[in-house]
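# Survey of secondary and tertiary structure
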Amino acid sequence: MTHSPPPPKPAPPPAPAAPAAKHGPVTVHRDLRTYLPPILSRFLGYKQQPLRPLPFPPFSWLSKIPLKYEVWGLGLLASFVGIMLVELVMATAFADQDIILIVASFGASAVLIYGTIESPLAQPRHLLGGHVIAAILGVAITRLFRKASNYELHDTTHTGELRHIVWLNGALSMSVALTVMQITGTVHPPAGATALIASVQPAAVHMSWHFIYIVLISALLMLGWAMIINNVGRRRYPTYWLSGSTVFVKPPQKLDPEAGLTPSSAANGGPSEVSTAGSTVNGGVGGVQGGERLQRTTTDEVMMAAIEGRNDGMERMVRSLSREGPVESKDAAEMAAIEGRNDGMQRLVRSLSRERL
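Rules behind the numbers
- Residues numbered from 1 in each chain as written.
- Predicted model: local features only at pLDDT ≥ 70, side-chain atom pairs only at ≥ 80, totals over all residues.
- Heavy atoms only, no water.
- Patch = residues over 30% accessible without salt bridge, like charges linked within 9 Å, V, L, I, M, F, W, Y side chains within 5 Å.
- Areas by Shrake-Rupley, 256 points an atom, 1.4 Å probe, with all protein chains shown as cover.
- Salt bridge = Lys/Arg side-chain N within 4 Å of Asp/Glu carboxyl O.
- Helix = DSSP H or I, 4+ residues; strand = E, 2+ residues; numbered from the N terminus.
- Polar contact = N/O pair within 3.5 Å; in protein donor to acceptor, adjacent residues only side chain to side chain.
- Contact = heavy atoms within 4.5 Å.
- Core = buried A, V, L, I, M, F, W, Y, C linked by side-chain atoms within 4.5 Å.
- Buried < 20%, exposed > 50% of the residue type's maximum accessible area, 1.4 Å probe, protein only.
- Expected span 1.5 Å × (residues − 1).
- Axes fitted to C-alpha atoms, helices over the stretch in contact; angles between N-to-C directions.
- Parallel < 35°, antiparallel > 145°, perpendicular 65-115°, else oblique.
- Left-handed = near helix turned anticlockwise from the far one by under 90°.

With that settled, consider a nonpolar patch on the surface. Where nonpolar side chains cluster on the molecular surface, the patch consists of L36, I39 and L40 and spans about 250 Å² of accessible area. On the secondary structure map, I39 appears in helix 1 (residues 38-42).

With respect to the secondary-structure elements, T142 resides in helix 4 (residues 124-145). A polar contact of 3.3 Å, which involves the side chain of T142, links it to the side chain of N169. Excluding residues that lie within four positions of it along the chain, T142 makes contacts with Y151, N169, S173, A198, S199 and V205.

This part takes up unusual backbone geometry. In this structure, the amide linkage connecting P57 to the following residue, P58, adopts the cis form with an omega of 0 degrees. Along the chain, Y237 connects to P238 via a cis peptide bond; the corresponding omega equals 0 degrees. With respect to the helices and strands, the residue P238 is situated in the loop between helix 8 (210-229) and strand 2 (247-249). Even without being a glycine, D96 presents a positive backbone phi close to 60 degrees. Phi angles above zero are rare outside glycine, and S208 is one such case at about 55 degrees.

Mapped onto the fold, Q201 is located in the loop between helix 6 (189-200) and helix 7 (202-207). Each C-alpha atom, one on Q201 and one on L153, is 8.4 Å from the other, the two residues being 48 residues apart in sequence. Apart from the residues within four sequence positions on either side, Q201 is in contact with I100, L153 and L196.

This part takes up the nonpolar core. Ranked by size, the top nonpolar core spans 39 residues in total, and within it V103, I113, Y114 and F211 carry the most contacts. Going through the elements one at a time, helix 2 (67-93), helix 3 (105-115), helix 4, helix 6, helix 7 and helix 8 are the ones with two or more residues in this core. When residues of this core are assigned to their parent elements, the largest contribution, 11 residues, is made by helix 8. When sequence neighbours within four positions are dropped, the list of residues in contact with V103 reads I197, F211, I214 and V215.

Let us look at helix 2. Over its 27 residues, helix 2 runs 38 Å from end to end, which matches the ideal 39 Å to within 8%, given 1.5 Å per residue. Regarding helix 2, the residues found buried are L67, E70, V71, L74, G75, A78, V81, G82, V86 and M90.

Attention shifts here to the packing of helix 4 against helix 6. At a closest axis distance of 8 Å, the pairing of helix 4 and helix 6 adopts a crossing angle of 25 degrees. When the axes of helix 4 and helix 6 are compared, the pair comes out roughly parallel. You can see that helix 4 and helix 6 cross each other, and the crossing is right-handed. Along its contact with helix 4, which presents G130, H131, A134, A135, G138, V139 and T142, the element helix 6 presents P190, A191, T194, A195, A198 and S199.

What follows is the structure in structure tokens.
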């Protein structure tokens, strides 16, 4: 008796396709400054790691002294020359035009762009945008107040000063300037004084619209000098031009052993950079999604993310420093790293180099 073969088993249904990996917004591009000669891109704020001074004396000697002494010395020289430069230009190019020698608020700007150059408030967008916005609003609002019948401006206060409306003019100009700076993302604390000066200082009030281009010229002079002096040593300026929310990392690469690509070779990355949102990058440095690895940023970008509080950078910095041993406090650790005191920056770099993505 013959047995018929059993009927073939039905083929299992095909497995559902794996859902496509969701990626955050990733845009591959190159920083335009990489196309420029190194000596030019350096003074536009693009410097390779590690940050080194110019390779010829006397700037090359800076590498032989502690960073804090470099910061102090260059801050003294930068602020002296920056303020003097503005005064010389105003006293010569604008002689006999009844303008003030220098807008006093630029003394405060000098502290930021020559002393705390890593601060977001010291970047070109804030320096130029803040001062120009404050000057325009201060002059415009003051011109409206000058049409009032009880407007009377003196060099000093007098009895019955409240009968005039200058005090209201100054308060309104400064507060409106602050609000507009916040809306436009150009907050620059010294610019608040610029709006006040345009409203309550007689010499500035009499300059009227001329006050605006005097402020702009002063800001450009100080910015140009800052881009030179702040880049001759082991720091860089500016840290960004328009936005500090972007962190550059190396392009994602698939780890393919057949192609000879290993984790160590992928870490070297390519010439392009990837701008990615914080949701795609863990801590503003890198992440793993869909089998692709986003390489870590340069140490310079990590430090700037930490200093500016971007993409969880400050938390990573504190976490890294805590592995190096006890620190006085979180605030002390952050300030030590930011200001380069107590070997804080070196400890930060050493700690970050040990972190894995």
